[in-house]
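So the chains spell out like this:
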Amino acid sequence: MSVVEFQNCLQQHATATAALVSWCRARYPGRAETLSATVLQDGPADPRHYDGALNLLPDDVLFCRRVRLQWGDLVMSEAENWYLPKRLPETMRSALRRSNRPFGAVVAPLAPLRTTIAMLTGAELRGEGELATRLRAQISRAGVFSAPEAFALHVTAVMTAAGVELAELREHYRRELLEAPGYSVTNSERL
């Protein structure tokens with residue numbers, strides 16, 4: 001399995017949650033039936049410290065939700081969702097506060113669209129360049145994520161529904177995602 005295969009899977013689904021469920025059901029059958037989120041942090045964020053792509057209005061309240069997404073006992077992704085709760089129905093805001101459901105599963109009824117604004121392989125994330133340096137700094141500032149060496153792929157995307165921005169998604173996909181049982185990743189395939 002390659003990072004390109006997973007990138008294709010992401011492009012075929014409206015949310016990363018749906019892509020991960022499809023990917024894991026095919027590659028880790030019987031290990032779990034659903035993706036769960038371990039919420040590491042969730043709460044208001046100071047917009048002055050936000051360095052992302054969302055177009056914030058003066059009265060917007062910004063929240064940051066950091067999670068580990070698990071398939072059974074395997075961590076597949078670590079994610080940071082910068083979202084605007086006032087743009088979500090109350091039932092969805094409540095579900096985000098009170099459950100271990102991934103952000104994409106909660107907002108799926110809105111038929112969201114993802115626009116990818118950055119995608120780096122693990123090797124690119126660990127390399128030189130302004131974007132890689134900025135993303136590593138974001139991961140480090142979060143203070144709850146694994147080191148960049150743990151990731152096979154990083155994606156930054158903006159999620160909208162009916163033309164309204166809902167969230168910026170910073171997704172860090174773990175190397176384990178590509179290492180299903182019975183499959184060994186060779187050095188040339190490692191990213």
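The preceding data block contains the structure.
Worth saying up front: this structure is predicted, and the values here are computed from it rather than measured.

Draft legend 1. Just the packing of helix α1 (residues 3-11) against helix α2 (residues 16-27), in detail. One can describe the packing of α1 onto α2 by two numbers: an axis separation of 8 Å at closest approach and a directional angle of 130 degrees. Between α1 and α2, the angle falls in the class oblique. The crossing of α1 and α2 is right-handed. Residues Glu-5, Phe-6, Cys-9 and Leu-10 of α1 touch α2, and the partners they reach there are Ala-16, Ala-19, Leu-20, Trp-23 and Arg-27. Residue composition of the contact of α1 with α2, grouped by class: seven nonpolar, no polar and two charged.

Draft legend 2. Structural view of empty space enclosed by the protein. Using the criterion set out here, one finds two cavities of 30 Å³ or more in the structure. Counting only elements with at least two residues in the lining of the largest cavity, the list comes to α2, β2 (62-71), β3 (74-83), α4 (103-107) and β6 (164-174). Its residues assigned to classes, the lining of the largest cavity shows nine nonpolar, five polar and three charged.

Draft legend 3. Spatial organisation of the packing of aromatic side chains. Counting across every chain of the model gives five aromatic pairs. Judged by centre distance (5.7 Å) and plane angle (50 degrees), the rings of Phe-63 and Tyr-83 are tilted. Within this pair, whereas Phe-63 is found in strand β2, its partner Tyr-83 is found in strand β3, the two being separated by 20 residues in sequence. On the basis of relative accessible area, Tyr-83 is assigned to the buried category, the value being 2%. An aromatic cluster of at least three residues, connected via ring pairs, comprises Phe-6, Trp-23 and Tyr-173. Cation over ring: Arg-27 sits above Trp-23, and NZ or CZ is 3.5 Å from the ring centre.

Draft legend 4. Examining the nonpolar core more closely. In terms of nonpolar packing, the biggest core is built from 27 residues, with Phe-6, Leu-10, Leu-20, Trp-71, Met-76, Tyr-173 and Leu-177 touching the most fellow members. For this core, the secondary structure elements donating two or more residues are α1, α2, β1 (35-45), β2, β3 and β5 (151-161). Once you skip the residues sitting within four places of it in the chain, Tyr-173 turns out to touch Phe-6, Leu-10, Ala-16, Leu-20, Met-76, Ser-77, Ala-150, Phe-151, Ala-152, Leu-153 and Val-155. Met-92, Leu-96, Met-159 and Ala-167 belong to the second largest nonpolar core, which has 14 residues in total.

Rules behind the numbers
- Every chain is numbered independently, its residues counted from 1 as its sequence is written.
- For a predicted model such as this one, the threshold for reporting local features is a pLDDT of at least 70, and the threshold for listing and counting side-chain atom pairs is 80 or more; totals across whole chains, interfaces and linings nevertheless cover every residue.
- Values reported for side chains reflect all heavy atoms of the structure, with hydrogen atoms and water molecules removed beforehand.
- Geometry is summarised by axes, namely lines fitted to C-alpha atoms with helices restricted to the contacting stretch, and by angles between N-to-C directions that run from 0 to 180 degrees.
- Secondary structure counts use DSSP, requiring at least four H or I residues in a row for a helix and at least two E residues in a row for a strand, with both numbered from the N terminus.
- In this scheme, roughly parallel covers angles under 35 degrees and roughly antiparallel covers those over 145, while 65 to 115 is roughly perpendicular and the rest are oblique.
- What makes a crossing left-handed is the near helix being turned counterclockwise from the far one by less than a right angle; a clockwise turn instead makes it right-handed.
- Two residues form a contact once any of their heavy atoms are found within 4.5 Å.
- Each residue receives one of three labels: charged for Asp, Glu, Lys and Arg, nonpolar for Ala, Val, Leu, Ile, Met, Phe, Trp, Tyr, Cys and Pro, and polar for the others, Gly being one of them.
- Here a cavity denotes grid points, spaced 1 Å and computed from the protein atoms alone, that fit a 1.4 Å probe unable to get out, and a pocket denotes an open set having protein on both sides within 12 Å along at least 5 of 7 lines; residues with an atom within 4 Å of a point are the lining.
- Grid points are joined across faces, edges and corners, and a volume is the space filled by probe spheres set on the points.
- Think of it this way: a Phe, Tyr or Trp ring, Trp meaning its six-membered ring, pairs with another when their centres are within 6.5 Å, and the plane angle makes it stacked under 30 degrees, edge-to-face over 60, tilted otherwise.
- Classification of residues uses two cut-offs on accessible area relative to the type maximum, computed with a 1.4 Å probe and protein chains only: under 20% is buried, over 50% is exposed, and between them is partly exposed.
- Only lysine NZ and arginine CZ atoms are considered, and such an atom sits over a ring when it is within 6 Å of the ring centre and within 35 degrees of the ring normal.
- Put simply, buried Ala, Val, Leu, Ile, Met, Phe, Trp, Tyr and Cys residues joined by side-chain atoms within 4.5 Å make one nonpolar core.

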